[in-house]
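Inside the fold
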Amino acid sequence: MEHFGLNDAQVQESKEKFGDNRLTEQEIKSFWDTLKENFGDPMIKILCIALIVNVLLVIGHYAGLIADEMAWYEPVGIALAILLATFVSTLSEYRNENAFRVLQEEASRIRCKIYRNADIVELPIEDIVVHDAILLQPGDKIPADGIIINGTLKVDQSVLNGESAEATKTATTPDYTDTQESMDFLNTHKVFRGSVVYSGNAVMQVTVVGDKSVYGQIAKELQTGEERDSPLKVKLTSLAHAISKFGYIGGIAIAVAMLFQRIIMANNFNLVEIVAYCSDWVHIVNDLIHAVMLAVIIIVMAVPEGLPLMIAIVSALNMGKMLKDNVLVRKIAGIETAGSLNFLFSDKTGTITKGKLEVVTFIDGTTAQYKTYAEVKDGLKKWLSLSIHQNTDSVISATKHVVGGNATERAILSFSGGDSVPVNVTTTGHIPFNSTNKYSAKTVSGDYNVTLIKGAPEKILNNCRFYFDSNGEKKPYSGHSELNAIIDSLAARAIRVLALAVSEKSLGANDDSLPTDAWILVGIVGIRDEVRPESITAISEVHGAGVQVVMITGDRRETAIAIAREAGLLTKSEDLVLTSDELAALSDEEVKKRLPHIKVVARALPTDKSRLVRLTQELNYVVGMTGDGVNDSPALKKADVGFAMGGGTEVAKEASDIVILDDNFNSIDKAILYGRTIFNSIRKFIIFQLTINISAVLINFFMLLLGHENPLTITQILWINLIMDTLAALAFGGEPALTRFMQEKPKRRDESIVSSRMWGEILLGAGWVFVLSFVYTFVPAIQANFPGKALATGYFAFFVFIAVFNAFNARTERRNLFDNINKNKGFLQVFAIIAVVQILLTYIGRGIFNSYGLNGTQWLILLILTVSIIPVDLIRKFCLK
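Residues numbered from 1 in each chain as written. Predicted model: local features only at pLDDT ≥ 70, side-chain atom pairs only at ≥ 80, totals over all residues. Heavy atoms only, no water.

1. Brief notes about the overall build of the protein
For the protein, the helix and strand inventory stands at 31 helices and 26 strands. Looking at the protein as a whole, 54% of its 881 residues are labelled buried. Within the protein, counting contacts between residues at least 6 apart in sequence, those at least 24 apart form 72% of the total. (Helix = DSSP H or I, 4+ residues; strand = E, 2+ residues; numbered from the N terminus. Buried < 20%, exposed > 50% of the residue type's maximum accessible area, 1.4 Å probe, protein only. Contact = heavy atoms within 4.5 Å.)

Set out below in structure tokens:
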């Protein structure tokens, strides 16, 4: 191995002179900046205007300009409500923004293969310094600006220059001089941070790090720009607009009703009295101001401003839980969408299987089998060693650890145990593995002058006219059928096979194919990747959730079938297994017809993934895709939810919505469950909030229409709005992920967020609150028990407590209201706090909240009335069952 790079002393010297590879972080909005922005919210502005009007009225009263008594505590109460609402909202936004930023940093962390102290080690991207030597391989994101000093690469620089064409980068000549910070993307020796290696292997020497790199200079431009709203947010925004219209209509109607009551009904419909009343402009102004104030407050109460806060809370809480389960959410929209999946196209290696590949057998041209590298005879071993150690992207470190390359190459190189036959060769030509050839080839010269070939047996065996016997001698080969039979038997045991061969013809520097005549077979290696036991259970659960799982693999058909059966993907006679060639032979319409039965695609190409995603989406299904390679990125980006594997390439992770840190299908199962949990939590909160909003608007309107004052004061309405929006969002945001959610059908893409069942519960609850409000206000027996100010005090407590009890109805569709309540103790704690504070306000609220205490009998009556909403809703649930 050639020696590159720095030692520890040189690293420290470079760091002191040039700094490390960290990028300056974008300035984060402070808490106070966020608070200031929240005061710019339209609804808060309306409340501020209401506050100013109220303050002016109080001043006018004390100055003797307004005769009606104006309580000073009403503007104080409004001001307190504004401050609390904005403070709590700001605190939640600030915490969620910081939490999401931390998760994004986790997602963007990159480890690089760096030569240090004459060895190769993996270190974080931030530790890179000028003059470091870094090994670059396909799929790697280039971590700094620099020059190629060994090898050849093809790179994608589109993130920097917008050009989609791959650029070839070659090693520098001894007389090359670098201009360091120049932005010359056409320079054939320079590579730039942020670009991605598509093919080839090389060593780069770092010349520029951190903010001085080209990427560092344009990082702010790359990070700016707002993303489109997620489908969930669009649904919720649409709902909010509809509810807001209801609030505006209700607010205006209540204002008109109040003016009608004050001006017409209060004067007994007597025209003379009405004219006399209207002639006093102070009365009219007071009435108009009170009507406008009430309309504004009703609108504020009807508008579900708690919904955005609810989304933020439930997303942040579940993102933290998901991270503990090895699911890193990069885009919040991906969580909810995962819960709506209809199709999931999944990779096999490392996702359904363990991803820990191991060579379990080597078979030579005579069909002799060797379980270990040591069993291979010396003559054949020299060709096997040459093929394993020279035609690979993996390398063995000084500590005998295999690093670099993909899992298959690491498994093959590990088969030798680090033992190799000493040779002196150099590489003069190279064809990287690609999905067309399905093999890689490398020409070496020196002790051996041959081209080494490794790839799919069906692409290699037919070209082999000779083989190496156990002594390493070249012999004519005619055992194709016998070896193919062994390959089939291995495939039936889910053992993947690669063939190793040699050609005596050399590759040119620019050749991208190899003459296919007279290749010499070295042998085949059998690689086993066991199915994860937890994947079998997870696939069963995902199937039960109505999600069709399709395994996409590069394995041959027989191997794919064996693994699919073991994993539980093939369970019915109509299940289809297609190869890439068979899929390509079908028209788009034919694929769409067969799509419900396709369970496995073998020998798949990256283009197959993109095509399947496109066709499935054209049928209006929600599609998920897993992937780990550079070529998976288009399909990951095109899918509704892209799941990148944590061990995959950085470009795949960037194209994804969610990163599965442990590369485990079981974690995808959990992501679907969390997505459904979030959607269900939001629906529960909507039921709770709309019941309150609709009942409040109806009560205020009809009370005024019947000639009664509003049962709730402006300050009371604001208090109810505060606790039922903000605190309730916290309570419902902590709802647990229940496995029964996986038994629900996926939600349609165009399905309304408020279902008919939800509307039934909302209207029944609002209607019952409306009826009880009239019973409380007009039934003489109740009025007798609530004399004087106790009537208003009791109604304030009634409205809060009936909402608290209804929260238990809203949180579960089951008849057991305490179903899994131990998994959301925050729910009990939040509503217990609301209840305790409300009881305290009943006694100490006095002028501010118009509360003057209640006795035991009055509390008992209120308890009977408010608790009644539970059996009413239970009757609805029994009827539905």
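Anyway, onward from the coordinates.
2. Section: the packing of aromatic side chains
Evaluated as defined, the whole model comprises 25 aromatic pairs. Ring geometry for F732 against F831: centres 6.4 Å apart, planes inclined by 80°, an arrangement best described as edge-to-face. Taken as a pair, F732 in helix α24 (residues 714-733) and F831 in helix α28 (residues 825-844) lie far apart in primary sequence, 99 residues in all. An aromatic cluster is built from F685, F688, F732, F808, F818, F827 and F831, whose rings are joined through pairwise contacts. Geometry around F466 places K474 over its ring, the cationic atom sitting 4.3 Å from the centre. Cation over ring: R811 sits above F827, and NZ or CZ is 5.5 Å from the ring centre. (Phe/Tyr/Trp six-rings, centres within 6.5 Å; stacked < 30°, edge-to-face > 60°. Lys NZ or Arg CZ within 6 Å of the ring centre and 35° of its normal.)

3. Some points on the pattern of salt bridges
Taken as a whole and judged by the stated rule, the model has 31 salt bridges. With a shortest N-O distance of 3.2 Å, D555 and R496 are connected by a salt bridge. With D555 in the loop between β21 (548-552) and α17 (557-567) and R496 in strand β19 (residues 495-503), the pair connects residues that are 59 residues apart, well separated along the chain. The class of D555 is buried, set by a relative accessible area of 2%. On the accessibility criterion, R496 (24% relative accessible area) is partly exposed. The salt bridge partner of R876 is D873, with a shortest N-O separation of 2.8 Å. Pair noted here: R876 and D873 are both in helix α31 (residues 869-880), with a separation of 3 residues, about one helical turn. Across the pair, exposure class does not vary: R876 and D873 are buried alike. One network of salt bridges, with partners in common, ties together D588, E589, K592, R611, R614 and E618. (Salt bridge = Lys/Arg side-chain N within 4 Å of Asp/Glu carboxyl O.)

4. Looking at the sheet that holds strand β22 (residues 576-579)
The mixed open sheet is built from 8 strands, whose spatial order is β8-β26-β25-β24-β9-β21-β23-β22. Only two strands of the sheet have a single partner each, and these edge strands are β8 (327-329) and β22. Taking the axes of each pair of neighbouring strands and ignoring which way they run, one obtains an average angle of 20° across the sheet. Of the strand pairs in this sheet, strand β9 (residues 343-347) and strand β24 (residues 623-627) are connected by 3 bridges, and their pairing is parallel. (Pairing = 2+ DSSP bridges. Axes fitted to C-alpha atoms, helices over the stretch in contact; angles between N-to-C directions.)

5. Description of the side chain of Q716
Tracing the backbone shows Q716 in helix α24. Relative accessible area serves as the criterion here: at 1%, Q716 is assigned to the buried category.

6. Structural notes on α17
Turning to α17, its buried residues number three or more, namely T559, A560, I561, A562, I563, A564 and A567. Buried residues along α17 sit against α15 (480-492), β19, α16 (533-544), β21, β22 and β23 (598-602).

7. A look at the packing of α15 against α17
Running from N to C, α15 and α17 cross one another at 20°; their axes reach a closest spacing of 7 Å. In terms of orientation, α15 lies roughly parallel with respect to α17. As for how α15 packs across α17, the hand of that crossing is right-handed. From α15, D488, A491 and A492 reach across to α17, where they touch E558, T559 and A562. Its residues assigned to classes, the contact of α15 with α17 shows 3 nonpolar, 1 polar and 2 charged. (Parallel < 35°, antiparallel > 145°, perpendicular 65-115°, else oblique. Left-handed = near helix turned anticlockwise from the far one by under 90°. Nonpolar A, V, L, I, M, F, W, Y, C, P; charged D, E, K, R; others polar.)

8. A few points about the side chain of T361
Within the secondary structure, T361 sits in strand β10 (residues 358-363). When near neighbours in sequence (up to four residues on either side) are disregarded, T361 contacts Q369, Y370, L490, I524, V525 and G526.

9. Focus on unusual backbone geometry
A positive phi angle is found at H131, which is not glycine, with a value near 85°. Topologically, H131 is positioned in the loop between β2 (119-124) and β3 (133-136). Phi is positive for R603, close to 50°, though the residue is something other than glycine. Note on placement: R603 falls in the loop between β23 and α20 (606-618). By relative accessible area, which is 14% here, R603 ends up buried.

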